[in-house]
Amino acid sequence: MYSRGVFHPCWRLVAKRTAATTTTETFVTAKPTDVLSYNLINLNVTNNANETIGEIKDLILSKDQLTGYIVSVGGFLGMGDRYVIVSPKAVKITYVENDKKWTAVMDPAKDQLKAAPEFKYAGRWER
């Protein structure tokens, strides 16, 4: 039997385990291969023929993962734009060291872009 204020040594282990599992990482370090969202927003998306097919307007994050790029397509000088969500796997983002420029390349057929579901900035996503 234990009196008040005296704890069994096992309780210390439980307290330490609990504290360790609730600790979260506060600061991280950017790696040279990381991409900043600033580098992607308004980046032209071209096809393999180097024709501009759209522009990245936003990023979609879901459960701390990049799940899509919102790309404006079909407009001219910002008028008549239609927004579609493109999988990050469909876009190749690279940094060209010699030019000090970011590039985004994907090669969908024009009918695929026209048929893609439209994304609207409305409701919780209204700008």
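Preceding block: the structure.
This structure is a prediction, so every number in the text was calculated from the model and none was measured.

Draft legend 1. Fine view of the nonpolar core. Grouped together as the largest cluster of nonpolar side chains are 16 residues, with contacts concentrated most on Val45 and Val71. A per-element tally of this core places strand β3 (residues 65–73) first, with 3 residues. Sequence-distant contacts of Val45, defined by excluding residues within four places in its chain, comprise Glu51, Thr52, Ile53, Gly54, Glu55, Ile56, Val71, Ala104 and Met106.

Draft legend 2. Quick look at the layout of surface pockets. In this structure, the second largest pocket spans a volume of roughly 210 Å³. In this structure, the second largest pocket is lined by Ala30, Thr33, Asp34, Val35, Leu36, Ser37, Leu40, Leu59, Leu61 and Leu66. Counting residues per element, the ones that place at least two in the lining of the second largest pocket are α2 (37–40) and β2 (52–62). Here the lining of the second largest pocket is built from residues that sort into 7 nonpolar, 2 polar and 1 charged.

Draft legend 3. Up close: the pairing of β3. Here β2 runs beside β3; their pairing, made up of 7 bridges, is antiparallel. Along β3, the bridge assignment pairs Ile60 with Gly68. Counting the residues in the hairpin turn of β2 and β3 gives 2 residues, including Lys63, whose phi is positive at 50°. Judged from the 5 bridges that link them, β3 and strand β4 (residues 82–86) form a sheet pairing that is antiparallel. Bridging from a neighbouring strand, Ile70 pairs with Ile85 of β4.

Draft legend 4. Expanded view of the sheet that holds strand β5 (residues 92–96). A sheet is described by the order of its strands in space; here 7 strands give the open sequence β5-β6-β1-β2-β3-β4-β7, paired in mixed fashion. Edge positions in the sheet fall to β5 and β7 (118–119), since each has one partner strand and no second.

Draft legend 5. Seen up close, the side chain of Lys57. Within the secondary structure, Lys57 sits in strand β2. When sequence neighbours within four positions are dropped, the list of residues in contact with Lys57 reads Ile41, Asn42, Ile70, Ser72, Tyr83, Tyr121 and Arg127.

Calculation rules
Residues numbered from 1 in each chain as written. Predicted model: local features only at pLDDT ≥ 70, side-chain atom pairs only at ≥ 80, totals over all residues. Heavy atoms only, no water. Core = buried A, V, L, I, M, F, W, Y, C linked by side-chain atoms within 4.5 Å. Buried < 20%, exposed > 50% of the residue type's maximum accessible area, 1.4 Å probe, protein only. Helix = DSSP H or I, 4+ residues; strand = E, 2+ residues; numbered from the N terminus. Contact = heavy atoms within 4.5 Å. 1 Å grid on protein atoms, 1.4 Å probe; cavity = no way out; pocket = protein on both sides within 12 Å on 5 of 7 lines; lining within 4 Å. Points joined across faces, edges and corners; volume = space filled by probe spheres on them. Nonpolar A, V, L, I, M, F, W, Y, C, P; charged D, E, K, R; others polar. Pairing = 2+ DSSP bridges.

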